[in-house]
Every structure is written in structure tokens, then in C-alpha cells.
Amino acid sequence: MTERRSTPPSRLTSRRIYWLCVLVWGFASLVLGERLAADMKFRINDLSQIPGAGMVMRDNEGMLYHVNSDGRARQIFPVLAPPEYKDSCLDCVLVTGEQLSQTNEFCAAGVRSQLPRLDFELPCRSWAVLGDGPRVVSVTLFLVPILLWPILRAVGRAVSGAKPRIN
């Protein structure tokens, strides 16, 4: 006859409490990540998704311009002109979001709470795209304590000289 080993009830309860805490922390990190990301600057590849943000256009010589909603333009690449929209870009063609995402030499960036106000960075220093930024912040916020806890326990055991418990 085979003997069936079961987990002691006290151990089962502590595991349930641990996973409940992880679940609660997951929801909390989603909410906190959204709030933290509201004031962070992120890269914007597709200006057409933001009402009033204008568009990026290219002239025949390869210079890129930001054309605002009034049809006025300013040069943004290869030289970043001051934010004065006084020229018009007559022979320009639209630069798509896909084309913008393929370069890191410059980019449009903005804070979600301040849109449609844009900043142009030359070279691009923004690290995440506006749509993915809050998710990246939430996942990072979730993982840091989850991964930090076992690391701190292992360091504490190493410093104290305690041997790991074998189940």
C-alpha cells in the first residue's frame, strides 16, 4: 500500500495567504502604474491617434517638419527649430507612424496628461511608447518586490550562515 503525503494545513494556509497577497499586489500595481505613468514622458510614434497633435511630414530634400493643426510647420529634423510655427510645408508628404518608429535619431514625446502638447527630442531619449508605457511601469512595479523578497531572503541566509530549509 502506498502512503500518500499531504501538505500540512498550516503550510497550505500560508501559501494561500501568499498568493492572495500577490494577487492583491498585482491589482494595486496596475492602479499605481497608471497613476505614475500619467506624469511620465513617453515616445509617440503615431500622431494621428492624438487629436490636435498635427502630423510629421517630409519635404523633397529629406527634412522633416511638424505640421500643427493650423497647417503651419516647423523643422524638427535634422535640425530642431524653435517652437515657432510660421512656415508652410507645401511639397511635403506624410510620414507614417511606422516610419517614425524605425528611427531613434529623433522622436516626438509627450506626457499623457498634457497631450496634445508635444516635445521633439533630437536624439530620442524616451524609452517607451505612449501606449505601452503604463503597462511597462505597472509590470516593473509588480515585479520589483516579488523578485526582491527571495533575493533579500537568500542574502540574509548567506550573511547569517543559516542553511536553506529542505521540504
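These numbers come from a predicted model, not from an experiment.

Another point: the pattern of salt bridges. Counted under the stated rule, the structure contains five salt bridges. The partner of Asp119 in a salt bridge is Lys41, and the shortest N-O contact between them spans 3.1 Å. Linking Asp119 in strand β7 (residues 119-121) with Lys41 in strand β1 (residues 41-44), this pair joins segments that are 78 residues apart in sequence. What makes Asp119 partly exposed here is its relative accessible area of 23%. Salt bridges linked by common partners bring Lys41, Arg117 and Asp119 together as one network.

This brings us to the sheet that holds strand β2 (residues 55-58). Taken in spatial order, the four strands of this open sheet run β4-β3-β2-β5, and their pairing is antiparallel. With one partner strand each, in any of the chains shown, β4 (73-77) and β5 (93-94) form the two edges of the open sheet. For β2 and β5, the ladder comprises two bridges, and the chain directions are antiparallel. For Met57, the partnering residue across the bridge sits in β5 and is Leu94.

The next thing to look at is the sheet that holds β1. In spatial order, the strands read β1-β6-β7; together these three strands make up an open sheet with antiparallel pairing. The open sheet has two edge strands with one neighbour each: β1 and β7. When the angles between neighbouring strand axes are averaged without regard to direction, this sheet yields 40 degrees. Judged from the three bridges that link them, strand β6 (residues 107-111) and β7 form a sheet pairing that is antiparallel. If you follow Cys107 over to β7, its bridge partner there is Glu121.

This part covers empty space enclosed by the protein. Inspection of every chain in the model, using the stated rule, returns one cavity of 30 Å³ or more. For the largest cavity, the calculated volume is near 30 Å³. Every residue along the wall of the largest cavity is listed here: Arg43, Ile44, Asn45, Leu100, Phe106, Cys107 and Ala108. Within the residue set of the lining of the largest cavity, elements represented by two or more residues are β1 and β6. Of the residues belonging to the lining of the largest cavity, the class tally is five nonpolar, one polar and one charged.

So, about the side chain of Arg43. As for its placement among the helices and strands, Arg43 is situated in strand β1. The buried charged residue Arg43 lacks any salt bridge partner; its closest oppositely charged side chain belongs to Glu121, at an N-O distance of 7.7 Å. At 2.9 Å, the side chain of Arg43 forms a polar contact with the side chain of Asn45.

By the secondary structure assignment, Asp46 is in the loop between β1 and β2. Separated by 62 residues in the primary sequence, Asp46 and Ala108 have C-alpha atoms spaced 9.1 Å apart.

Enumeration over the complete set of coordinates arrives at two aromatic pairs. A ring pair is formed by Tyr18 and Trp19, whose centres lie 5.1 Å apart and whose planes are at 75 degrees; its orientation type is edge-to-face. Take Tyr18: its relative accessible area is 41%, and that puts it in the partly exposed class. Of the residues examined, Trp19 reaches a relative accessible area of 56% and is grouped as exposed. Taken together, a centroid distance of 5.0 Å and an interplanar angle of 20 degrees make the contact between Phe77 and Phe106 stacked. Placement of the pair is Phe77 in strand β4 and Phe106 in the loop between α2 (97-101) and β6, with a sequence separation of 29 residues. The same class applies to Phe77 and to Phe106, which are both buried.

How each quantity is defined
- Residues numbered from 1 in each chain as written.
- Predicted model: local features only at pLDDT ≥ 70, side-chain atom pairs only at ≥ 80, totals over all residues.
- Heavy atoms only, no water.
- Salt bridge = Lys/Arg side-chain N within 4 Å of Asp/Glu carboxyl O.
- Helix = DSSP H or I, 4+ residues; strand = E, 2+ residues; numbered from the N terminus.
- Buried < 20%, exposed > 50% of the residue type's maximum accessible area, 1.4 Å probe, protein only.
- Pairing = 2+ DSSP bridges.
- Axes fitted to C-alpha atoms, helices over the stretch in contact; angles between N-to-C directions.
- 1 Å grid on protein atoms, 1.4 Å probe; cavity = no way out; pocket = protein on both sides within 12 Å on 5 of 7 lines; lining within 4 Å.
- Points joined across faces, edges and corners; volume = space filled by probe spheres on them.
- Nonpolar A, V, L, I, M, F, W, Y, C, P; charged D, E, K, R; others polar.
- Lys, Arg positive; Asp, Glu negative; His and termini not counted.
- Polar contact = N/O pair within 3.5 Å; in protein donor to acceptor, adjacent residues only side chain to side chain.
- Phe/Tyr/Trp six-rings, centres within 6.5 Å; stacked < 30°, edge-to-face > 60°.

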